[in-house]
Structures are given as C-alpha cells and as structure tokens.
Amino acid sequence: EPEPVRTPAFLFTDPTSGIAFTVPANWQEEPMTEEREYLDAKFVSTLDAGLSMFYSCADLWSELSEAEKSLLPRALCDSSAFTGAEIARILGYAEDEFSIAGDQYYSVQTVLLETFYGIPVEVPATMMARIENGYLFLFQFAGATDNAHYNDFRALMNSVDFSGVHGNETLEEDLT
C-alpha cells in the first residue's frame, strides 16, 4: 500500500459568505462529483481513506418575507434570533436531537447513509450549525467522535472566522 500523502493546513474562504477557516494538515478539498444544492465543499483525509468533512452555507435571510425582513434586519439574523426548535426544524431534525456546543453552535449526532462501491453504509456523523448575518453555516464530520481524526474537525471549528461575514472582530470561541 502506498505511503499516505501528507499535506499542509490551508485557509478556505467561501467567496459567497466571506467565512474563512483553516482546513487541518492532511486534509484536502475534493471536487464534487455532481452538483449539490446544499453542499459547498468536501474535505477528505489523506491519511484515513473514507473520512470526510463537509461545509455548506445557505442564505436564510433572503428566504424571509419582506415583513419578516423588516422585523429582523440581516445584521441581527443570527443564532440568537432562532430557538433550538426552529433551527432543528430548518435542518429537518427533532429538537431533542440538538445540543449547544459553546455559545454559538447547535450540534447534532446523526447517521449518514453513504454509498461505497454501490453498497449503502451507515456512517456516524457530527454536525455543527450556526446562523450569522442571515447565513446558515453547517459543518459536518463524517466519522465517530472517538475517531482519532475527530480532533481535526474540532481544530477546524475552532479556526472559523466570521469577521468577513459581518465585519466585526473575529469571534474567538473554543469548543473544547
């Protein structure tokens, strides 16, 4: 078996939302094989085949009615403007499946149905969600929390910089 490819960490910036985060060493962006409506980037481990992290962003504010927009300006449309139940409903989960991670993220442990070589496989996953400046940001680690590479996902989450999204100082938040 060939030696795993070691890659340096790199900064990922979403041109649509302005969010930036550091993808840890030994992960690389993988092009999507098909157009995905809700998935903006996929990162795969170069050391552990089959492990992946996903990033997506949706502009929730643009989907509000004009009346809702007048009551909730984009700058105030963040996680604090929604209840856990509302965020769970937006994402298609039951409220009791969500927990709070740090002050700003909603977290859910779930199971993804992935297909490997035509065979459906259930994969444990952790999803982190946050709303900032009207955008819903989702980060997902497709692997168990006891996986050695889960710490890479935590490092990615701790590197997220929302300052380009709303022009304020970087929100420093440690999820440990």
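Below or above, wherever it landed, is the structure these notes cover. Quantities reported herein were computed from a predicted structural model and do not represent experimental measurements. (Residues numbered from 1 in each chain as written. Predicted model: local features only at pLDDT ≥ 70, side-chain atom pairs only at ≥ 80, totals over all residues. Heavy atoms only, no water.)

## What to know about the overall build of the protein chain
The cut-off we apply is this: We count a stretch as a helix when DSSP gives it H or I for four or more residues in a row; a strand needs E for two or more, and each element gets its number in order from the N terminus. Exposed residues in this analysis have more than 50% of their type's maximum accessible area, buried residues have under 20%, and partly exposed residues fall in between, with area computed by a 1.4 Å probe over protein chains only. Only heavy atoms enter the contact rule, under which two residues are in contact if any of them lie within 4.5 Å. Calculation of accessible area relied on Shrake-Rupley with a 1.4 Å probe; when residues are assessed, cover is drawn exclusively from the protein chains displayed.
Within the protein chain one finds four helices and nine strands. Reading the protein chain from its N end, one meets helices and strands in the order β-β-β-β-β-α-α-β-β-β-β-α-α. The buried share among the 176 residues of the protein chain stands at 44%. For the protein chain, the proportion of contacts with a sequence separation of at least 24, taken over those separated by at least 6, is 45%. About 10,000 Å² of surface is accessible on the protein chain, with carbon and sulfur atoms providing 51% of the total.

## Some details on the environment of Q140
Assignment of secondary structure puts Q140 in strand β9 (residues 135-142). The class of Q140 is buried, set by a relative accessible area of 13%. Separated by 87 residues in sequence, Q140 and M53 place their C-alpha atoms 5.4 Å apart. Not counting chain neighbours up to four residues away, the residues in contact with Q140 comprise S52, M53, F54, L112, A125, T126, M127 and F153.

## Re the nonpolar core
How we decide: For this analysis, a nonpolar core means a set of buried residues of the types Ala, Val, Leu, Ile, Met, Phe, Trp, Tyr and Cys, connected via side-chain atoms within 4.5 Å.
Core analysis: the largest hydrophobic core is formed by 24 residues, its most contacted members being I19, F21, F43, Y55, F137, F139 and F153. Among the secondary structure elements, those contributing two or more residues to this core are β2 (20-23), β4 (41-45), β5 (52-59), β9 and α3 (150-159). When neighbours within four sequence positions are excluded, Y55 is seen to be in contact with F12, D14, S17, I19, F21, L39, D40, A41, F43, F137, L138 and F139. Judged by nonpolar contacts, the second largest core, of 18 residues, contains A88, L91, Y106 and V108.

## Side note on the packing of aromatic side chains
Going by this rule: Two rings belonging to Phe, Tyr or Trp (six-membered ring only in the last case) form a pair when the distance between their centres is within 6.5 Å. Interplanar angles under 30 degrees mark stacking, angles over 60 mark edge-to-face geometry, and anything in between is tilted.
Under the defined criterion, the tally for this structure stands at 15 aromatic pairs. Geometrically, the ring pair formed by F21 and F139 is edge-to-face, given 5.5 Å between the ring centres and 80° between the ring planes. Pair noted here: F21 is in strand β2 and F139 is in strand β9, with a separation of 118 residues, a long-range link. Taken as a pair, F21 and F139 share a single burial class, namely buried. Relative to F162, the ring of Y105 lies with its centre 6.5 Å away and its plane at 45°, an arrangement referred to as tilted. Taken as a pair, Y105 in strand β7 (residues 105-116) and F162 in the loop between α3 and α4 (163-166) lie far apart in primary sequence, 57 residues in all. Looking at Y105, the relative accessible area reads 3%, which means it is buried.

## Concerning the pattern of salt bridges
Just so we agree on the cut-off: Here, a salt bridge means any side-chain nitrogen of Lys or Arg that lies within 4 Å of a carboxyl oxygen of Asp or Glu.
Applying the stated criterion across every chain yields a total of four salt bridges. Between R74 and D59 there is a salt bridge; the shortest N-O distance is 2.9 Å. Of this pair, R74 sits in the loop between α1 (66-71) and α2 (84-91) while D59 is found in strand β5, placing the two residues 15 residues apart along the sequence. We classify D59 as partly exposed; its relative accessible area is 22%. Close ionic contact of R130 with E132 constitutes a salt bridge, the shortest N to O distance being 2.9 Å.

## So, unusual backbone geometry
Glycine aside, residues mostly have negative phi, and peptide bonds are mostly found in the trans state. Located in the positive-phi region is N26, a residue other than glycine, with phi close to 70°. Counting through the fold element by element, N26 comes out in the loop between β2 and β3 (27-30). Residue class for N26 comes out buried when judged on its relative accessible area of 13%. Backbone geometry places N133, a non-glycine residue, at a positive phi of 50°.

## Details of α3
Just so we agree on the cut-off: The arc under discussion is defined with respect to the helix axis, by the directions toward the C-beta atoms.
The set of residues buried in α3 consists of Y150, F153, L156 and M157. The buried side chains of α3 occupy one side of the element, clustering within an arc of 110° when seen end-on. Where α3 is buried, its residues meet β2, β5, β7, β8 (119-132) and β9.

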